[in-house]
Amino acid sequence: MDLSQLSLAVQKGSAAKAKQMVTEALAEKVEPSEILNNGLIAAMAAVGEKFKNNEMYVPEMLMAAKAMNTCMLVLEPVLTATGVKPIGKAVIGTVKGDLHDIGKNLVRMMLKGAGIEMYDLGIDVSAEAFLNKAKEVNADMVCLSALLTTTMPYMKSVVEEFEKAGYRDKVVFLIGGAPVSENYCKSIKADYYADDAVAAVDVAKKILA
Ligand code: B1M
């Protein structure tokens, strides 16, 4: 399977074609991580580049994202397959003002696959909603995603909301997303930063093991 063709189908927003290609690749025993990295994530990187260069606009970017999410639904059962007993509970969401969910969904799937019970609050999530859900399910970990330099500062508001509520020491904060860094994580007094979904699993296993 030529994964560059899959990448092109996603970039063009051809959801049905891309979905079929993922199904075929899995049937051909192509590694899910290869499908993800060389087909799907590569497509989003190309879309981002084209958007930056004004070769693509928001509606096309949205179509590509929909195609990507359709493909991820096919990959989800493979990525989340786990026979292990849950090792902990985590709440995850993309912070307020931010509508990007592909990376967050990927992190959720991989953490679920690692045996963590996941509660996904979706996109545009307020600090209050994170706190309420963490309390409700007695979460061990709160996972924050942000893709915009303008929404990243809201992560600090979430940590502060937990501090104000006297709940900060009950959870561990794991944060990530393209503009986020280790230094930023330290600066807002979150606990861990992960560069990608695989690193998020490594961190989570270390914390919850
Ligand atoms: Co937007 N967008 N977007 N976008 N978009 C970016 C992020 C951008 C970099 C594009 C660019 O300019 N090159 C740019 C941000 C610039 C900046 O802030 N510096 C941008 C912009 C500007 C915007 C709008 C403002 C555009 C506009 O309206 N003029 C707008 C904002 C809307 C909003 O959120 N309020 C907007 C809108 C959109 C769409 C809705 C059209 C769509 C999102 C649809 C969706 O998600 N359902 C979209 C898309 C698709 C992108 C790009 C092209 C792709 C993002 C993506 O899914 N990547 C993106 C360019 C890019 O990233 N190259 C771009 C693939 C995904 C697997 O990677 O999300 O980085 P990522 O996740 C990774 C890691 O970051 C990490 O692990 C993941 C997996 O490895 N990670 C975590 C993520 N969360 C984590 C959490 C963790 C740990 C790791 O722990 C909890």
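The structure presented is a predicted model; accordingly, all values stated were derived computationally and were not measured.

## Considerations on the domain arrangement of the protein chain
Working step 1: Assigned domains within the protein chain: domain 1 (3-82) and domain 2 (88-208).
Working step 2: Facing 12 residues of domain 1, the contacting portion of domain 2 comprises 10 residues.
Working step 3: Interface area for domain 1 against domain 2, summed over the two sides, is near 930 Å², with a carbon-plus-sulfur share of 71%.
Working step 4: Summed over the shared surface of domain 1 and domain 2, the number is one salt bridge.
Working step 5: A salt bridge links R108 to E76, with the nearest nitrogen and oxygen atoms 3.3 Å apart.
Working step 6: Our count for the domain 1 to domain 2 interface comes out at two residue pairs in polar contact (both at pLDDT 80 or more).
Working step 7: Per-element accounting of the side of domain 1 that touches domain 2 gives the leading share, seven residues, to helix 4 (residues 58-80).
Working step 8: In terms of residue class, the side of domain 1 that touches domain 2 is made up of eight nonpolar, three polar and one charged.

## Re the nonpolar core
Working step 1: If you look at the biggest cluster of nonpolar residues, it comprises 43 residues, and the most contacted ones within it are L6, V10, L40, M72, L111 and M141.
Working step 2: Residue contributions to this core peak at eight residues, all from helix 4.
Working step 3: Excluding residues that lie within four positions of it along the chain, V10 makes contacts with A18, L40, A43, M44, A64, A67, M68 and C71.
Working step 4: A127, L131, V137 and V158 belong to the second-largest nonpolar core, a separate cluster that totals 28 residues.

## Quick word on unusual backbone geometry
Working step 1: Non-glycine residue N54 carries a positive phi angle of around 60°.
Working step 2: Along the chain, the position of N54 falls in the loop between helix 3 (32-52) and helix 4.
Working step 3: Even without glycine at this site, D124 takes up a positive phi of about 55°.
Working step 4: Summarising the element assignment, D124 is placed in the loop between strand 2 (116-120) and helix 6 (127-137).
Working step 5: Taking relative accessible area as the criterion, D124 reaches 41% and is therefore assigned partly exposed.

Rules and cut-offs
Residues numbered from 1 in each chain as written. Predicted model: local features only at pLDDT ≥ 70, side-chain atom pairs only at ≥ 80, totals over all residues. Heavy atoms only, no water. Domains from an automatic or database assignment. Contact = heavy atoms within 4.5 Å. Buried area = accessible area lost by both parts, 1.4 Å probe. Salt bridge = Lys/Arg side-chain N within 4 Å of Asp/Glu carboxyl O. Polar contact = N/O pair within 3.5 Å; in protein donor to acceptor, adjacent residues only side chain to side chain. Helix = DSSP H or I, 4+ residues; strand = E, 2+ residues; numbered from the N terminus. Nonpolar A, V, L, I, M, F, W, Y, C, P; charged D, E, K, R; others polar. Core = buried A, V, L, I, M, F, W, Y, C linked by side-chain atoms within 4.5 Å. Buried < 20%, exposed > 50% of the residue type's maximum accessible area, 1.4 Å probe, protein only.

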